[in-house]
Amino acid sequence: MVRRVAVIGAGAGGLVSVKCCLDEGLEPICFESSEDIGGVWRYTDSTDDSRLSVYHSVITNTSKEMSGFSDFPYPEDFPSYLPHSLVLEYFRMYAQRFNLLQHIRFQATVLSVRKRPDFTTSGQWEVVTETGGVRESHVFDAVMVCTGHYQEPHLPLASFPGIESCFKGQHLHSREYRDVQAFRGKRVLVVGIGNTGGDLSVELSRVAAKVFLSTRSNTWVISRISDHGFPFDMVSTTRFNHFLEWLLPSALTRRIKFRRFNSWFNHTNYGLASSKSSKFKMIINEELPFCLLSGTVVLKPNVKEFTENSAVFEDGTTEENIDVVLFATGYNFSFPFLEESVRSVIDDNRSLYKCIFPPQLEKPTLAIIGLIQLTGSIMVGSEMQARWVTGVFAGWNKLPPPSRMMADVLKRKPPIKRNPSERENLKMSFISYTNEIAACAGVKPSVLRLLLTDPRLALAVFFGPCSPYQFRLVGRGKWSGARAAILTQWQRALKPLRTRVVDDNSSSSSGWRWMCLLALPAALTAGFLFSKYPQPGWRPWAGSWL
């Protein structure tokens, strides 16, 4: 019987795990190595601290309505896309609202997590922590690891001949970046075109003499701003789009996506991607296309080698007088405190049952929270994981036997990519994954049932944003405010913009009513098909951008 639960880390995943433990009547103790909550969202100017922090100018890629905790919406006056200071303020409000701080031990570093000698029968763990130089041993019935996947910088210097032996300039990882001041007037080469690489290239272009952005990937650039100025994820991440993607051939859905992406600007002309590309990545960045168009950022292929003061690229071109090379090459995850027998079997999140439970354990009392990268908010995915896990610990939810969990892991796991910078093994469709975990937890809403009992809500759930409040409509943890939160989410998204109101006599409300009326047959059909014919296999790479 699980009672005492160790939660490691007080970032977003740790906070929601503590709250979910309390909801299930468990006794959590959270160990946080720093002096405060927030994890990577608690900004610090220092780069000497071992704690990872976001850079000063960072803005969220997912909107507030799509990334908040499911029973605690962001304040309506917060902007749709948030700086780190407002995300941290939201965390503080959440911790205060649910009295979480009293369950957190700060400046307590977890040194080891090991199975007790009687683990096969008890499932208990021995957790050793250190606070102020004093070590302490604890016994817990279960452990939730909430350290995320942004842990150790991935710096692949061996892949770039000459960077250490010849190059006389400075090279650093994006982890060390805080602001632009150290790069003023310099010629900077950014390696890697993920979200961080794109953001930093744009920001550096305002002060640097020149910025070069090197990539080996085909990349589609998406704006946070979608149709009619609404947040992109609120418009695109819907159950209706997800249903179409399940229904239509994958080649057709990919073609539709590419056409929509190219409707903003032609990615081939900018050297970013071709519609013939079978492998590609997507990043969020409104300003990068203009920087490329204005020449303040120059796109380059992969670096072949470095000389004393230049970079030679795979297409044979050379850029001279490079002052700084900034590697935006991602992070590796690790769990050094876990005992070797457990740590050695976690190659990536697909080594885990549902990306959470190590299937080899005799007792399912260890859960990895947040080792996911979704096409939507990781916070929402982590909360769904925590709700299911604590339900398992409390005995409400059941897991299959280890043999079946292992078989499921082996069936879904593709060949391992040994290059840690290849993060495709972590990426999953937001709706596919949250739906799957919600079904395991018994909190997935039924569109068909809602159509019969609350048609207005059903249409909002199916055609509107797949916001986290949907997973508080039914089951354990049902929230009485979920319906209202869903029906007012568009108003909350617009509220921060109402600082200057202009007259608008358009008949948008009438148009919305007609659209809902016409959409009713489609929703009925989709609800019936999804309930009668489950999705044919898990498609973790499927996006939601139709």
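Owing to the predicted nature of the structure, the values given are computational and were not obtained by experimental measurement.

Novice: Sorry if this is basic, but what is going on with the sheet that holds strand β16 (residues 311–313) here?
Specialist: What the 3 strands build is an open sheet, ordered β15-β16-β17; its pairing is antiparallel. Two strands bound the open sheet, and with one partner strand each, they are β15 (303–306) and β17 (318–319). Across 2 bridges, β16 lies against β17 in antiparallel orientation. By the bridge assignment, Val312 is partnered in β17 with Thr318.

Novice: Quick question: what am I supposed to make of the sheet that holds strand β14 (residues 297–300) here?
Specialist: Sheets are built from strands paired through backbone hydrogen bonds, the pairs being either parallel or antiparallel. Strand order in the open sheet formed by 5 strands is β9-β18-β10-β11-β14, and the pairing between neighbours is parallel. Edge positions in the sheet fall to β9 (170–173) and β14, since each of these pairs with one other strand and no more. Sheet twist, expressed as the mean angle between neighbouring strand axes with direction ignored, is 20°. For strand β11 (residues 210–214) and β14, the ladder comprises 4 bridges, and the chain directions are parallel. Considered in β14, the bridge of Ser214 is made with Lys300.

Novice: Help me understand the state of the cysteines, please; the structure alone is not making it clear to me.
Specialist: Per the counting criterion, the structure on display carries 0 disulfides. Not part of a disulfide, Cys20 finds its nearest cysteine sulfur in Cys21, a span of 7.4 Å.

Novice: Which parts of the structure should I look at to understand the nonpolar core?
Specialist: Generally speaking, nonpolar side chains in soluble globular proteins are found buried as a group. In terms of nonpolar packing, the biggest core is built from 89 residues, with Val5, Phe91, Met144, Leu204, Phe357, Trp388 and Phe393 touching the most fellow members. Considering each element in turn, this core owes the most residues, 8 residues, to helix α11 (residues 378–394). Of the domains in this structure, domain 1 (4–151 + 333–412) and domain 2 (153–330) are the two that each give at least three residues to this core. Those residues in contact with Val5 that lie beyond four places of it in its chain are Cys21, Leu26, Glu27, Pro28, Ile29, Phe140, Ala142, Met144 and Phe393.

Thresholds applied
- Residues numbered from 1 in each chain as written.
- Predicted model: local features only at pLDDT ≥ 70, side-chain atom pairs only at ≥ 80, totals over all residues.
- Heavy atoms only, no water.
- Pairing = 2+ DSSP bridges.
- Helix = DSSP H or I, 4+ residues; strand = E, 2+ residues; numbered from the N terminus.
- Axes fitted to C-alpha atoms, helices over the stretch in contact; angles between N-to-C directions.
- Disulfide = S-S within 2.5 Å.
- Core = buried A, V, L, I, M, F, W, Y, C linked by side-chain atoms within 4.5 Å.
- Buried < 20%, exposed > 50% of the residue type's maximum accessible area, 1.4 Å probe, protein only.
- Domains from an automatic or database assignment.
- Contact = heavy atoms within 4.5 Å.

Keep in mind these numbers describe shape, not what the thing actually does.
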